[in-house]
Amino acid sequence: MQLDQRGDSAHSIAMIGQDHDFSHLDRFGRAAASVSRNPRLAVNIVLGAGVLLAWLLLGAMAIRGAESRVPGIDAPGDTLLRYLPQLPLPDFLERFFILCLAPAPLDGSIGEQAGALIVMWFLMAVATMLPSAAAMIRTYCEIADTARIKAAPVVHPLVLVAGYLSVWLAASAAFAALTLIVHASSVQILDPVVGATGAAALLVAGLYQFSGLKEACLTKCKSPFSILFSNWSARPGRIFRLGMEQGVWCLGCCWALMLVMFAVGVMNVFWMALIGLFTLIEKQTTGRLPTRIAGVILLVWATALLVISA
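Residues numbered from 1 in each chain as written. Predicted model: local features only at pLDDT ≥ 70, side-chain atom pairs only at ≥ 80, totals over all residues. Heavy atoms only, no water.

**Focus: the overall build of the protein**
Part 1 of the argument: Along the backbone of the protein there are 14 helices and 0 strands.
Part 2 of the argument: Each helix (α) and strand (β) of the protein, taken in turn from the N terminus, gives the series α-α-α-α-α-α-α-α-α-α-α-α-α-α.
Part 3 of the argument: Taken across its 310 residues, the protein has 44% of its residues classed as buried.
Part 4 of the argument: Counting contacts in the protein only where the partners sit at least 6 residues apart, residues at least 24 apart contribute 77% of the total.
Part 5 of the argument: For the protein, the accessible surface area stands at approximately 15100 Å², while carbon and sulfur atoms represent 70% of it. (Helix = DSSP H or I, 4+ residues; strand = E, 2+ residues; numbered from the N terminus. Buried < 20%, exposed > 50% of the residue type's maximum accessible area, 1.4 Å probe, protein only. Contact = heavy atoms within 4.5 Å. Areas by Shrake-Rupley, 256 points an atom, 1.4 Å probe, with all protein chains shown as cover.)

Spelled out as C-alpha cells, the structure:
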C-alpha cells in the first residue's frame, strides 16, 4: 500500500529530524530535545524504562511475598529472595503490595483489591510480553522512517504501543477476576494452586500449544511487516487500533502460558522470567519446535500433578 504523501512542510521537517539550534538550552533541555526529534530513540527509552520499572516492582513484591510466606512451604527462590536487601518504599506501594498478597479482601475492600490485582497482572504483562513485541515495534519504526524520508506524516510509535498495551490491560482485568475466583479460599495468592485446579491450568496451557489458533496467532506475531504496511495510516486513531490488533494476536498467542503462573505461584518472578524468555524465543524462532516442546512439558507436568494429588 502506497504511503500517504500529504502533509505540511513544517510537520515533515519536524519528523525528518533536521538539525536545529538548541544551544540556548541547558544540558537536560538539549538531551530532551534530541529525544523528542527521534521517535525511535524515544520509544526505546520509554519501553526500556517501563520494562525495568515493572521488573523492579514485581521483584519488590516477590520479596515481600517470600517474607510473609509460612515457613516450611517455601516456593522456589524464596530463600534467595529473603536475602535480598529491602528498599524503603512509599506507603502507597506498601498498601499496593498488601492488597495483592492478601488471601482475602481487606476490610471487605473487594474493589480496591481487584484494582490492585489488575495493576499486578498488567505489570507482569509489561515485564514478560512487551519485550517480545520489540520486533513489531521495530518494524513499525522502520516503515515510519521510510515515510519520513518521503515527507509523509507519521504517527508516533508510542501510539501503536499504547494500543498494544490496552489489550493487555483488558486481559489483566480478566486475569485479576480469575485470581479472585481461584483464591476465594484461604490460600495465599502467591501460593501455587495444587491438585486438580493446578493440573487443569497446566493441561489447558499444554493443549493450547498444539492448537490451530495458537499457530495462527504466532504466525501473525512473527510476521508483523505485512500487517503494519498494508494497514498504514497517518491517523493516530487508526494506528492505535492497529496496535490493538497486534495486541490481540499477542494475547491469542500467550494467554494460556499466563495460566501457568497459577500452578507455580502468581508472583513467582523466576517463572515469570522463564515465560518471558520463552515467549521471546518462540516469536523469534522459525518453525514450531519450541512451542511443541513446551506443550509436551506442560502436559507431562499436568499428568504428574494429577497422579500426585490423587
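Having put the structure on the table, let's press on.
**Examining the side chain of T279**
Part 1 of the argument: Mapping T279 onto the fold places it in helix α13 (residues 269-284).
Part 2 of the argument: On the basis of relative accessibility, which here comes to 0%, the residue T279 falls in the buried class.
Part 3 of the argument: Filtering out sequence-adjacent residues up to four positions away, T279 remains in contact with M129, S132, C254 and L257.

**Describing unusual backbone geometry**
Part 1 of the argument: You will see that A151, though not glycine, has its phi angle at about 60°, which is positive.
Part 2 of the argument: Secondary-structure assignment places A151 in the loop between α7 (134-149) and α8 (157-182).
Part 3 of the argument: A relative accessible area of 27% means that A151 is categorised as partly exposed.

**Structural notes on empty space enclosed by the protein**
Part 1 of the argument: One pass over the structure, following the stated rule, counts 2 cavities of 30 Å³ or more.
Part 2 of the argument: Reported here for the largest cavity is a volume of approximately 100 Å³.
Part 3 of the argument: If you go around the largest cavity, the residues you meet are S132, A133, A135, M136, Y164, C221, Q246, C250, K283 and Q284.
Part 4 of the argument: When residues of the lining of the largest cavity are traced back to their parent elements, those giving at least two are α7, α12 (236-264) and α13.
Part 5 of the argument: A per-class count over the lining of the largest cavity returns 6 nonpolar, 3 polar and 1 charged. (1 Å grid on protein atoms, 1.4 Å probe; cavity = no way out; pocket = protein on both sides within 12 Å on 5 of 7 lines; lining within 4 Å. Points joined across faces, edges and corners; volume = space filled by probe spheres on them. Nonpolar A, V, L, I, M, F, W, Y, C, P; charged D, E, K, R; others polar.)

**With respect to the layout of surface pockets**
Part 1 of the argument: In this structure, the largest pocket spans a volume of roughly 300 Å³.
Part 2 of the argument: Forming the walls of the largest pocket are 14 residues, and the residues nearest its centre are W271, L274, F278, A294 and I297.
Part 3 of the argument: Counting residues per element, the ones that place at least two in the lining of the largest pocket are α12, α13 and α14 (289-309).
Part 4 of the argument: Here the residues of the lining of the largest pocket sort into 14 nonpolar, no polar and no charged.

**Things to note about the nonpolar core**
Part 1 of the argument: Counting 81 residues, the largest nonpolar core has M120, W121 and W168 as its most contacted members.
Part 2 of the argument: Discounting chain neighbours no more than four positions away, the residues touching W121 are S172, F175, A176, T179, M258, M261, F262 and V266. (Core = buried A, V, L, I, M, F, W, Y, C linked by side-chain atoms within 4.5 Å.)

**Topic: helix α6 (residues 110-128)**
Part 1 of the argument: For α6, with 19 residues, the first-to-last C-alpha span of 27 Å sits near the 27 Å given by 1.5 Å per residue.
Part 2 of the argument: Regarding α6, the residues found buried are Q113, A116, L117, M120, W121, L123, M124, A125, V126, A127 and T128. (Expected span 1.5 Å × (residues − 1).)

**So, the packing of α13 against α14**
Part 1 of the argument: The contact between α13 and α14 brings their axes to 10 Å, and the two run at 145°. Facing W271, F278 and E282 of α13, the residues of α14 in contact are P290, T291, A294 and W301.
Part 2 of the argument: Here the residues of the contact of α13 with α14 sort into 5 nonpolar, 1 polar and 1 charged. (Axes fitted to C-alpha atoms, helices over the stretch in contact; angles between N-to-C directions.)

**Side note on the pattern of salt bridges**
Part 1 of the argument: In this structure the tally under the stated criterion is 5 salt bridges.
Part 2 of the argument: Among the salt bridges present, the one from R288 reaches E215, with a minimum N-O distance of 3.4 Å. Placement of the pair is R288 in the loop between α13 and α14 and E215 in helix α10 (residues 212-222), with a sequence separation of 73 residues.
Part 3 of the argument: Using a relative accessible area of 13% as the deciding quantity, one classes R288 as buried. (Salt bridge = Lys/Arg side-chain N within 4 Å of Asp/Glu carboxyl O.)

**Things to note about a nonpolar patch on the surface**
Part 1 of the argument: Nonpolar side chains collect at one region of the surface, where F210, V296 and V300 lie side by side and expose about 250 Å² of accessible area between them.
Part 2 of the argument: Assignment of secondary structure puts V296 in helix α14. (Patch = residues over 30% accessible without salt bridge, like charges linked within 9 Å, V, L, I, M, F, W, Y side chains within 5 Å.)

**Notes on the packing of α7 against α8**
Part 1 of the argument: For the pair α7 and α8, the least separation of the axes is 10 Å and the interaxial angle reads 150°. In terms of orientation, α7 and α8 fall into the roughly antiparallel class. Considering only the axes of α7 and α8, their crossing is right-handed. Residues M136, I137, Y140 and C141 of α7 lie in contact with α8, whose contacting residues are P157, L160, V161 and Y164.
Part 2 of the argument: Tallied by class, residues from the contact of α7 with α8 come to 8 nonpolar, no polar and no charged. (Parallel < 35°, antiparallel > 145°, perpendicular 65-115°, else oblique. Left-handed = near helix turned anticlockwise from the far one by under 90°.)

Taken by themselves, the reported measurements are silent on function.
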